[in-house]
Amino acid sequence: MMKVVLVGCGAMSKQWLDAARQIDGLAVAGLVDLDAERAQARAREFDLTNAVVGTSLDAVLDETKPDAVFDVVVPAARREVALSAFAHHCHLLTEKPLADSPENARAIIAAARQAGRVHAVVQNRRYVANVRRIRRFLDSGAIGRPTSIHADFFIAPHFGGFREEMRHVLLLDMAIHTFDAARYMVAGEPASVYCQEWEPASSWYRQGSSASAVFDFGGGKAFTYAGSWCADGFRTSWEGSWRIVAERGSLLWDGHDGLKAEVVASGRDGIIDKTEAIEVPALDPADRVGGHLGIIQDFMRAIETGTEPETRGADNIKSLAMVFGAIESAETGRRVAIATQEG
């Protein structure tokens, strides 16, 4: 039985606890939140009658002595939680983003390495079935090597709370999902970015609800991102809307179930090459899916086997570097080189 303590009992914790109770061999030994009643309410909701509930992570870790910590706190508290977890010899699975600054991200990764603990990030979009299908399809070479990746994200959620007061809210709190998915789909290594942010007149956010960015992925690949969190009407999926252009064709994904591709055929219609539909194969049994559930299962497997999980912090920092590179570009108005070293 693997024991965990979950810290941060806000809205996102429900997804974590929903997943955790589906896993045999996993026990939630404690719940921590600055608001004791909120933690107690989560314990009642999930029938965690034996869980220790408290407001101090160190105190709950001392009492429960768990194997791992599930970090669902706000980004500004991420480093403090991580250092506490590692000091108690716990492995750590954290909500995205990995940290609220490049310096804190490097410090967390260094602390995990020094402690010899598994550290991973809930980058759950990688565990979406169509993201796996796209990566496998592109790896097959069916339409040649990708040359450009384009993602649109337009939704208008009224969260309330800390998100509406954040600076760079879209880039820091949401865009990393799209950035990480793009990097995964085409095996891209981010080299530079130019980004612009703006605040529409109708926005209910403090700053940074809308952004557009162009990344150099190296090897002749570019990634463009356009997004807004205050765009009413014709909303995209939470996964975004995608077009991937390759040497001999293109792939479209609407972020839902609509996934299709075309490949160059023989002949032309005037000056335009003819194309024909090509099947994107179904999900392979070896592909790991399941969102939070799949990630938690892989995290546990990594602990049990001594292997590295796919969404390990030392790799995820490359996706986070895309976020901070975009923020720096938006603030300075210039193209920014992206440093992906873990430090």
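Here is what the cut-offs are and how they apply
Residues numbered from 1 in each chain as written. Predicted model: local features only at pLDDT ≥ 70, side-chain atom pairs only at ≥ 80, totals over all residues. Heavy atoms only, no water. Patch = residues over 30% accessible without salt bridge, like charges linked within 9 Å, V, L, I, M, F, W, Y side chains within 5 Å. Areas by Shrake-Rupley, 256 points an atom, 1.4 Å probe, with all protein chains shown as cover. Salt bridge = Lys/Arg side-chain N within 4 Å of Asp/Glu carboxyl O. Lys, Arg positive; Asp, Glu negative; His and termini not counted. Charge placed at Lys NZ, Arg CZ, Asp CG, Glu CD. Helix = DSSP H or I, 4+ residues; strand = E, 2+ residues; numbered from the N terminus. Buried < 20%, exposed > 50% of the residue type's maximum accessible area, 1.4 Å probe, protein only. Axes fitted to C-alpha atoms, helices over the stretch in contact; angles between N-to-C directions. Parallel < 35°, antiparallel > 145°, perpendicular 65-115°, else oblique. Left-handed = near helix turned anticlockwise from the far one by under 90°. Contact = heavy atoms within 4.5 Å. UniProt positions renumbered as here; feature names shortened; annotations may be inferred. Pairing = 2+ DSSP bridges.

### A few points about a negative patch on the surface
A cluster of acidic residues, Asp-58, Asp-62, Glu-63 and Glu-80, forms a negative patch on the protein surface. Of the residues forming the negative patch, the biggest block, 3 residues, is contributed by helix α3 (residues 57–64). Of note, Glu-63 is situated in helix α3. Judged by its relative accessible area of 57%, Glu-63 is exposed.

### Considerations on the packing of helix α8 (residues 175–186) against helix α10 (residues 313–332)
Relative to each other, α8 and α10 sit at 125°, their axes nearing to 9 Å. Compared by their axis directions, α8 and α10 come out oblique. Here α8 and α10 pass one another in a crossing that is right-handed. Across from Ile-176, Phe-179, Asp-180 and Arg-183 in α8, the residues of α10 making contact are Asp-315, Asn-316, Lys-318, Ser-319, Leu-320, Met-322 and Val-323.

### Some remarks on unusual backbone geometry
Backbone torsion omega between Lys-96 and Pro-97 reads -10°, so that peptide bond is classified as cis. In this structure, Pro-97 sits in the loop between β5 (91–95) and α5 (102–115). Located in the positive-phi region is Asp-47, a residue other than glycine, with phi close to 55°. Tracing the sequence through the fold places Asp-47 in the loop between α2 (36–45) and β3 (52–54). When its relative accessible area of 58% is taken as the criterion, Asp-47 is described as exposed. Positive phi, close to 50°, is recorded for Phe-234, a residue that is not glycine. Relative to the elements of secondary structure, Phe-234 occurs in the loop between β10 (221–228) and β11 (241–246).

### A word on the UniProt feature "domain: Gfo/Idh/MocA-like oxidoreductase N-terminal" (unreviewed entry) in the protein chain
UniProt tags residues 2–121 as "domain: Gfo/Idh/MocA-like oxidoreductase N-terminal" (unreviewed entry). Between the end C-alpha atoms of residues 2–121 the distance is 18 Å, and the span holds 42% helix and 23% strand.

### Regarding the sheet that holds strand β4 (residues 68–71)
An order of β3-β2-β1-β4-β5-β6 is seen for the 6 strands of this open sheet, with the pairing classed as parallel. Strands with a single pairing partner mark the edges of an open sheet, and in this sheet they are β3 and β6 (119–122). Direction aside, the axes of adjacent strands within the sheet are offset by 20° on average. Note: strand β2 (residues 26–32) against β3, 3 bridges, orientation parallel. Across the sheet, the residue bridging to Gly-30 is Val-52, located in β3. Set on the sheet, α2 makes contact with β2 and β3; between it and β3 the angle comes to about 155°.

### A short note on the pattern of salt bridges
Enumeration over the complete set of coordinates arrives at 28 salt bridges. A salt bridge links Asp-18 to Arg-21; its shortest N-O distance comes to 3.0 Å. In this structure, the salt-bridge partner of Arg-106 is Glu-103, at a minimum N-O distance of 3.9 Å. Of the two residues, Arg-106 and Glu-103 are both situated in helix α5; the distance of 3 residues between them amounts to about one turn of the helix. Of the residues examined, Arg-106 reaches a relative accessible area of 34% and is grouped as partly exposed.

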